[in-house]
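Survey of secondary and tertiary structure
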Amino acid sequence: MRKERDGISVEWVKLELLRTAYATRGGLLAARDPRFVIGWYLIFAVVPWFTHNITVLAALFTVCAAAVFLSRVGPLVLGLFVIGFVLESLYVLFAAWLFGGDMSTVLALVVLTLKLATISLASMAAFVSLDPEKLSDGLLSMHAPAMLSFGVSYGYRMLPVLMEEFHTVVDGHRLRSAPLAAKGFLGWRVVVRTATTLVQAFYPLMLNTAKRTRTTVEALETKGFTYAAEHPDGRRIRLAHLRADHRDVLLIAVTLLLVAASFALGHAYPLQAGVG
Amino acid sequence: MTGIDNTPAIEVSGLSFRYPGADRDSLTGVDLRIERGDFTAVVGGNGSGKTTLCKTFNGLVPHYWSGTFDGAVRVMGHDTRDLSVGALSHLVGYVYQDFGNQLVRPTARDEVSFAPVNFGLADHRERTEEALELLGVTHLADRFTWQLSGGQQHLVALAAIMALRPDVVVVDEPVAELDPAHADGIYEALADLNARLGTTVVVIEHHAEYVARHARSVVLMADGAPVWHLPAREAMERVAELERHGIPAPQVVRATRSLAPWAPVPLTVEEAAGHLREHFSDPGGGPGPLPPAAPPGTADSPGPRRPSGEPVAEMVGVRHGYREVGGGLAVVLHELDLTLRDGERVALVGGNGAGKSTLMRLFTGLKVPREGTVRVGGTDTRTVRPAALADRVCYLYQRPEQMFLKDNVREDVAMFPRGRGRSDTDALVADVLDRVDLTGLADRDGRLLSGGQQRRATLAIGLAMRPALLLLDEPTSSLDTASRDAVIAMLDALADTIRCTVVATHDMHLVAEWAHRVLVLDHGRIIADTTPAALFADQALMASVGLVAPQITRLGLSLGLNPPPLSVGEMLDRHQTTGRIRA
Amino acid sequence: MAESSRPTTPPTRSDAPRRPGPPELSSAQKLMVFVLSMTLFGLANIVTEVIPEVRVGPVEVGVSYLAFVPVIMVALFNPLYAALGAPLGEVVFVDLLMGDFSGIGELEGYLQMFLGLYIAGCLVRDPRSPRQLFAAGAVVVIVDKMLSAVVDIAKVSVGVDDAEFVPGLPQSILLLEGIDFVVALLVSGILFGALPAMALAPRLYGKIEPLLGLAPRDPGHPMPLAQRGTAAFMLLALFLSFVSMIAAFTSEIFDNFGVWEPDFIEQYGDRFLWIGASAALIVLVALAVAVRFVLASRRARAAQGSHGPDAQNTGERR
């Protein structure tokens, strides 16, 4: 008996887009100026590389973990992150043990893991709750290529349409191609069929998308997209809404304070992973 | 009149254009003058150069599409070669036939403000609000464009070009991708722009009905050059010439021509009714509507027919929907009961979002209902895989290009029977291709065929599947009149191989000329199960679901014919009969 | 009308085309190739999100990306614009829109993919040749993964004090990187890269280009990069690889490739010098093979098919 599932579907994609678009979760950084959020992220992306002191790293990690909590990152994303981290660390530990590692190996791995985890938590806190359009505006104001922010808007526009078309084409294959006589050992025939269908689906998709693209690019031309690339006025207007206030400055100030405190703590209670 | 006011909106002189690599000119020796404030329709068959001509107005030809360009195009006095495409877009706005691909921003407001912001206009905010207001889409401003219906998307596309306050607006076949009710909305919006702002409007149009109703002048294109440029009424008088170029005259023109040849050509149903009323009232010796006469010759009687055929498919208590942002369920179909029987021709009508496509998809088994049961040939769709159901049900999508999975039409048609190991595949494919008259084009890619040929190709794909139940989604949308008639004729001829055919459509001509049974779907419920004539006669119902009956039916109704005629032929037949009775 | 006194057909302008011959792309055509490539690879990436992944221990036997989509794009169209567009599709459609944006890690991924695709696209002279498509599919993944390995290793060398002396660490990192490389090459490079590209590109050739108003790629006029002789090609390839490494290292110093996606396995680096040397060796070997391949295909073209190593041979040689 088959049941209706809410798995991956056009509706699902639309939902995801709406969720990210409306940044429904809100939270600490969602309302901040995107440039300051990017700056905040960069602090935590840079600082961990300047120390091997486990105390400092642990403190930084704690700050980022708190930020993630305040940003109301979904439990699913967080859970995946934790599981991934633990598993990967175990694999490396296992491999290191295989090659004759010892306590210093473990400590070295702890250092590395803390650094990477801190940076990952920072990117999660900063970007998961930030509306993509806002983020791309922030990047644009930092002179990222205009294609990036166009791509975001265009993606919003086209993704549901493209997904719908993809589904239609795959459904066409499901209905019209030869039914599988048997699933094969471990269902290998199903796997092969899925893979070939996927590949074949791109044949019509590529042609249909090419047709669309022609109209889109013509329209872009008439709407002054290339004009805007040469004249800065449009960019200025587009970014005019980006305005930092005292809370953005406060955010950076508090962050820097916390980083400084972490280093002070590390200086007071140092714990180094050195090579014996 | 000052000299400036005399400058035409568009002046084309000695224009020839050839795409690179093409073996003939797409435009040759075009001379054309479109006055300011005109509402011009450009008509002509496929490949007559209509679209290429209109793309010279906003400079896409030759700035964007290189090629051999001779002659000159002046827009509001400016030579298009002296201005960039960007600068020209302040003079001429262009809405494409596939306007959906023209929308490049996520939300409607964003789309409308995109061009003013790109051009760095200080008053971009005012322009955006003004354009949204102008097209009456302010309430949609913050919606995502993919949440909008086709008609709304078209209005947004129009608003986006109006934000640059162009003097000329070119719209490429608005009727093609929209249902008639929305197409009317677009034309009303254009007429409004034309009247209020004096914007010059140029539409490319296949459907003479809209041309007659809205255009003030008509350009007939053939073989890359205008045949003539005439005021609308004069143009409509040239019925035979239009017909020769693939533009059948509006139904009211044909009816009036036959019934009252001396009357001036009517451009609207009201005009035609006026002329015919006089005509009809003459023999009776006094004004008054044509008495409703029971049509003795017609087979359809009022009220739904209840065929006694075997059930082909049925739905019992079906409820279906999809998840929303909040996690709730948006119900698309409510408690639906429906039986489709042998020999039926069913039209499924209703507005956007009424649940037509969902209903059809449930029959294919690609989706299974959340509640209730869907049975096809007695089999519960939950118990079998969709691939197994495909032996009995075939669903043809609205967009033909989504059904072309292979390199050429023959392969696409053969895909199903070959996959099922039918030994007579080749013979079957040859037979089916012959039936849809595509044998000569079978080795071409379906995507590269014309709109009508694409429809016939998808029909061939369906026929080769030999289903008991054939489901078609909008089989006549974006077709010109001639191709549409060909598709309807082909559907007519299906009866011998398909047990039951269901068509979801906005095209009331298709309903009138082909269907026997009409299901009116509204917000996921069947609110009427009736015949075409009874549906069209129920004007309250028609209005409530946003349907517009064919011209001839509306003409019949306003002349007091009940049940109303469904085709020009029927109207003429009944007139003769009535005439005889009265005489 | 006063203005119409001008002659209708000024001959000087009418026959002066805006652009010279067909191989030169107008800015609009470049944009079209770019947008098409971006859209399709973006869609392909959303699709890969859907495909369930089989994980065997640390190794993902999933499809990390459908490499055949951008491979076909760079094979059929101008490789530069197709290669610039495709990785942006991934960044924008998946990472930004689905809320997976990982900061500077995106830049790293973009550069790797761009270089892989661009080099692969320049290798293809005739999009109908299965041999060249096979090579292109493999090259994309080789370049991409190689660069990512270099970056990962750099991270470990910077992130861990005297990483090369930590017992067991270099070997384990090397092992995991190696497994990852092989799996990626087989799954993404061959199964979902080269083979589908070989099946689809010849069918699309000559059909998809006119839809964009472009002329199909002419084997007689290959991309300038490959045309200017193998030395120039090699130099440029080397230069690009080098630039990307420098870019990776400098950005490494200023910040890091903060990623929180669960592919940390690649990020546990190894003794940098040791691995760096072997990575450089791989680059050189790959380049030598590429050069030989280009030379061979030129010779083959000159000799009109007097010898024709097929796809398998190419695979073995690499």
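Residues numbered from 1 in each chain as written. Chains lettered and ligands numbered in written order. Predicted model: local features only at pLDDT ≥ 70, side-chain atom pairs only at ≥ 80, totals over all residues. Heavy atoms only, no water.

1. A closer look at the overall build of chain A
Regarding its fold elements, chain A presents 11 helices and 0 strands. When its helices and strands are written in sequence order, chain A yields α-α-α-α-α-α-α-α-α-α-α. Counting every position in chain A, which comprises 276 residues, the buried fraction comes to 55%. Partitioning the intrachain contacts of chain A with sequence separation of at least 6 by distance along the chain shows that 86% fall at a separation of at least 24. (Helix = DSSP H or I, 4+ residues; strand = E, 2+ residues; numbered from the N terminus. Buried < 20%, exposed > 50% of the residue type's maximum accessible area, 1.4 Å probe, protein only. Contact = heavy atoms within 4.5 Å.)

2. Thoughts on the overall build of chain C
From N to C terminus, chain C includes 12 helices and 2 strands. Taken from N to C terminus, the helices and strands of chain C fall in the order α-α-β-β-α-α-α-α-α-α-α-α-α-α. Across the 318 residues of chain C, 59% fall into the buried class. Here the analysis covers contacts within chain C between residues at least 6 apart in sequence; of these, 81% occur between residues at least 24 apart.

3. Considerations on the sheet that holds strand 9 (residues 217-222) of chain B
Strand pairing in a sheet takes place through backbone hydrogen bonds and is either antiparallel or parallel in direction. Residue and element names in this part refer to chain B. Across the sheet, 6 strands lie side by side as 6-7-8-3-9-10; this open sheet has mixed pairing. Edge positions in the sheet fall to strand 6 (92-95) and strand 10 (225-231), since each has one partner strand and no second. Between one strand and the next, the sheet's axes are offset by a mean angle of 20°, whatever the strand orientation. Sheet analysis places strand 9 next to strand 10, joined by 6 bridges and oriented antiparallel. Considered in strand 10, the bridge of serine 217 is made with proline 231. Across the sheet, helix 2 (residues 50-57) is in contact with strand 3 (39-44), strand 6, strand 7 (168-172), strand 8 (200-204) and strand 9; its angle to strand 8 comes to roughly 155°. In the packing of helix 8 (residues 180-196) onto the sheet, contacts are made with strand 3, strand 7 and strand 8, and the angle to strand 8 comes to roughly 155°. (Pairing = 2+ DSSP bridges. Axes fitted to C-alpha atoms, helices over the stretch in contact; angles between N-to-C directions.)

4. Some points on the UniProt feature "transmembrane region" (unreviewed entry) in chain A
Under the local residue numbering, the UniProt record ascribes the feature "transmembrane region" (unreviewed entry) to residues 40-70, 76-99, 106-127 and 249-269 of chain A. In residues 249-269 of chain A, the share of helix is 95% and the share of strand is 0%. The end C-alpha atoms are 30 Å apart. (UniProt positions renumbered as here; feature names shortened; annotations may be inferred.)

5. Regarding unusual backbone geometry
A cis amide bond links Val61(B) to the next residue, Pro62(B), at an omega of 5°. With respect to the element layout, Pro62(B) can be found in helix 3 (residues 60-64). A positive phi angle, near 65°, is found at His143(A), a position not held by glycine. Among the secondary structure elements, His143(A) is positioned in the loop between helix 6 (132-141) and helix 7 (146-176). With a relative accessible area of 63%, His143(A) lands in the exposed category. Phi is positive for Asp437(B), which is not a glycine, with a value near 60°. Assignment of secondary structure puts Asp437(B) in the loop between helix 17 (425-435) and helix 18 (451-464).

6. A word on the pairing of strand 19 (residues 517-522) of chain B
Residue and element names in this part refer to chain B. The element strand 19 is extensively covered by neighbouring structure, given that 5 of its 6 residues are classed as buried. Here strand 13 (residues 345-349) pairs with strand 19 via 4 bridges, running parallel. What sits directly across from leucine 348, in strand 19, is leucine 519. Relative to strand 20 (residues 525-530), strand 19 runs antiparallel, the two being bridged by 5 bridges. The residue of strand 20 that forms the bridge with aspartate 522 is arginine 525. Here strand 19 folds back onto strand 20, and the loop between the two strands holds 2 residues, one of which, histidine 523, carries a positive phi near 45°.

7. Remarks on the sheet that holds strand 1 (residues 10-18) of chain B
All names here are of chain B. Here 4 strands make up an open sheet; going across it, the order is 2-1-4-5 and the pairing antiparallel. Looking at strand neighbours, the two that pair on one side only are strand 2 (27-34) and strand 5 (78-79), the edges of this open sheet. Across the sheet, helix 2 is in contact with strand 1, strand 2 and strand 4 (68-75); its angle to strand 2 comes to roughly 60°.

8. Topic: the domain arrangement of chain A
All names here are of chain A. When cut into domains, chain A gives domain 1 (25-140 + 244-268) and domain 2 (144-239). Averaged C-alpha coordinates put domain 1 and domain 2 at centres separated by 33 Å. Taken together, the 7 residues of domain 1 in the interface contact 11 residues of domain 2. At the boundary of domain 1 with domain 2, the tally comes to 0 salt bridges. If you look at where domain 1 meets domain 2, you find 3 residue pairs in polar contact (both at pLDDT 80 or more). Looking at the side of domain 1 that touches domain 2 residue by residue, the class counts come to 3 nonpolar, 1 polar and 3 charged. (Domains from an automatic or database assignment. Salt bridge = Lys/Arg side-chain N within 4 Å of Asp/Glu carboxyl O. Polar contact = N/O pair within 3.5 Å; in protein donor to acceptor, adjacent residues only side chain to side chain. Nonpolar A, V, L, I, M, F, W, Y, C, P; charged D, E, K, R; others polar.)

9. Some words on the UniProt feature "transmembrane region" (unreviewed entry) in chain C
Residues and elements named next belong to chain C. In the UniProt entry, the feature "transmembrane region" (unreviewed entry) is given for residues 31-51, 63-89, 109-126, 133-153, 173-195, 231-251 and 271-295. Secondary structure content for residues 109-126 is 83% helix and 0% strand, while the C-alpha to C-alpha distance between its ends is 28 Å. Secondary structure content for residues 173-195 is 100% helix and 0% strand, and the end C-alpha separation is 30 Å.

10. A closer look at the packing of helix 6 (residues 130-159) of chain C against helix 7 (residues 169-204) of chain C
Residues and elements named next belong to chain C. At a minimum axis separation of 8 Å, helix 6 and helix 7 run at an interaxial angle of 155°. Comparing their axes, helix 7 and helix 6 come out roughly antiparallel. Relative to helix 7, the crossing made by helix 6 is right-handed. Of the residues in the contact of helix 6 with helix 7, the class split is 19 nonpolar, 4 polar and 4 charged. (Parallel < 35°, antiparallel > 145°, perpendicular 65-115°, else oblique. Left-handed = near helix turned anticlockwise from the far one by under 90°.)

11. Looking at helix 11 (residues 246-268) of chain A
All names here are of chain A. In a regular helix each residue adds 1.5 Å, so 23 residues correspond to 33 Å; helix 11 covers 32 Å between its end C-alpha atoms and thus fits that length. Listed as buried for helix 11 are Asp248, Leu251, Ile252, Thr255, Val259, Ser262 and Gly266. Where helix 11 is buried, its residues meet helix 2 (34-46) and helix 3 (54-70). In this structure aspartate 245 caps helix 11, since a side-chain oxygen of it lies 3.0 Å from the backbone nitrogen of arginine 247. (Expected span 1.5 Å × (residues − 1).)

12. Section: the interface of chain A and chain C
At the junction of the two partners, chain A supplies 75 residues and chain C supplies 77 residues. Contact between chain A and chain C buries roughly 6,700 Å² in total, counting both sides, with carbon and sulfur atoms accounting for 81%. Broken down residue by residue, the surface that chain A buries against chain C is led by Trp49(A), Tyr203(A) and Met206(A), which jointly contribute 11%. For the pair chain A and chain C, the number of links is 0 salt bridges. Of all elements in the fold, only helix 1 (10-22), helix 2, helix 4 (75-98), helix 5 (103-127), helix 6, helix 7 and helix 8 (188-222) of chain A reach the threshold of two or more residues within the side of chain A that touches chain C. (Buried area = accessible area lost by both parts, 1.4 Å probe.)

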